[in-house]
Amino acid sequence: MAFVVTDNCIQCKYTDCVAVCPADAFHEGPNFLAIDPVDCIDCGLCVPECRANAIFQEDELPAGQEVFIILNEDLAKQWPKITEVKPPLADAQKWNGVADKLDMLQN
Ligand code: SF4
Ligand code: F3S
């Protein structure tokens, strides 16, 4: 079992989540973070840190977010680890809460 980053991280990327992860499980792409399900120890510490409420346990995903299970797994393999907080994307506040941003995901 692992936690999964979902749609609302896209175009926000606040990165507060990485500061608390004891497993260094986060990987960074241009406008999204992915959790490596192999490294994630299922602690849940990252969930309350995310201002976009984008992180869920894989068996408690909101409807329609199931595609992010495989996306986290695949993208974590492609992207470098991120372990330190950095400034969010410039328009993070504008995009926080906008639904269905998957077509904007860059890799
Ligand atoms: Fe890291 Fe824990 Fe979040 Fe998994 S659940 S990504 S181990 S903080
Ligand atoms: Fe994304 Fe939330 Fe982390 S917006 S970068 S999952 S703090």
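As shown above, the structure is provided for reference.
Here the structure is a predicted model, which means the values were calculated and not measured.

The rules we used
Residue numbers here run from 1 along each chain, matching the order of that chain's written sequence. Note on labels: chains are lettered from A, ligands numbered from 1, in written order. In keeping with the model being predicted, local features are shown solely for residues with a pLDDT of at least 70 and side-chain atom pairs are shown and tallied solely at 80 or more, while totals for entire chains, interfaces and linings include all residues. The basis for every side-chain value is the complete set of heavy atoms in the structure, and neither hydrogens nor water enter the calculation. Here a residue is near a molecule or strand as soon as one of its heavy atoms is found within 4 Å of it. Ten residue types, Ala, Val, Leu, Ile, Met, Phe, Trp, Tyr, Cys and Pro, are classed as nonpolar, four, Asp, Glu, Lys and Arg, as charged, and the remainder, Gly among them, as polar. Here, nonpolar core means buried Ala, Val, Leu, Ile, Met, Phe, Trp, Tyr and Cys residues that are tied together by side-chain atoms lying within 4.5 Å of each other. Note on exposure labels: buried denotes an accessible area under 20% of the residue type's maximum, exposed denotes more than 50%, and partly exposed covers the range between, all computed with a 1.4 Å probe on protein chains only. Helical segments are the DSSP runs of H or I of at least four residues, strand segments are the runs of E of at least two, and each set is numbered from the N terminus. Whether two residues are in contact is decided by their heavy atoms, any of which lying within 4.5 Å being enough. Ring pairs are drawn from Phe, Tyr and Trp, using the six-membered ring of Trp, whenever the two centres fall within 6.5 Å, and their geometry is named by plane angle: stacked under 30 degrees, edge-to-face over 60, tilted for the rest. Identification of polar contacts relies on pairs of N or O atoms within 3.5 Å, with a donor-acceptor requirement for protein atoms, meaning one able to donate a hydrogen and the other able to accept it, and with residues adjacent in sequence counted only if both atoms are side-chain atoms.

1. Some details on the site of ligand 2
At step 1: Near ligand 2 the following residues occur: V5, C9, K13, Y14, T15, D16, C17, L33, C50, A52 and I55.
At step 2: Looking at side-chain class alone, the shell around ligand 2 contains 8 nonpolar, 1 polar and 2 charged residues.

2. Things to note about the nonpolar core
At step 1: Counting residues in hydrophobic clusters, the biggest one holds 32 residues, and the most contacted among them are V5, C17, F26, F32, I35 and I55.
At step 2: Elements that contribute at least two residues to this core include exactly strand 1 (3–5), helix 1 (16–20), strand 3 (33–35), helix 2 (67–78) and helix 3 (92–95).
At step 3: Among the elements that take part in this core, helix 2 stands out by supplying 4 residues, more than any other.
At step 4: Not counting chain neighbours up to four residues away, the residues in contact with I55 comprise F3, V4, V5, C17, F26, I35, C46, V47 and C50.

3. Brief notes about the packing of aromatic side chains
At step 1: Within this structure, the stated rule accounts for 2 aromatic pairs.
At step 2: Ring geometry for F32 versus F68: centroids 5.8 Å apart, planes at 45°, classification tilted. On the criterion of sequence distance, the pair formed by F32 in the loop between strand 2 (26–28) and strand 3 and F68 in helix 2 is long-range, its members being 36 residues apart. The residues F32 and F68 share a single accessibility class, namely buried.
At step 3: For the pair F32 and W79, a centre-to-centre distance of 6.4 Å together with 70° between the ring planes defines the contact as edge-to-face.

4. Digging into the side chain of Q65
At step 1: In this structure, Q65 sits in the loop between strand 4 (55–57) and helix 2.
At step 2: A polar contact is formed between the side chain of Q65 and the backbone nitrogen of D7, at a distance of 3.0 Å.
At step 3: In contact with Q65, not counting residues within four places along its chain, are T6 and D7.

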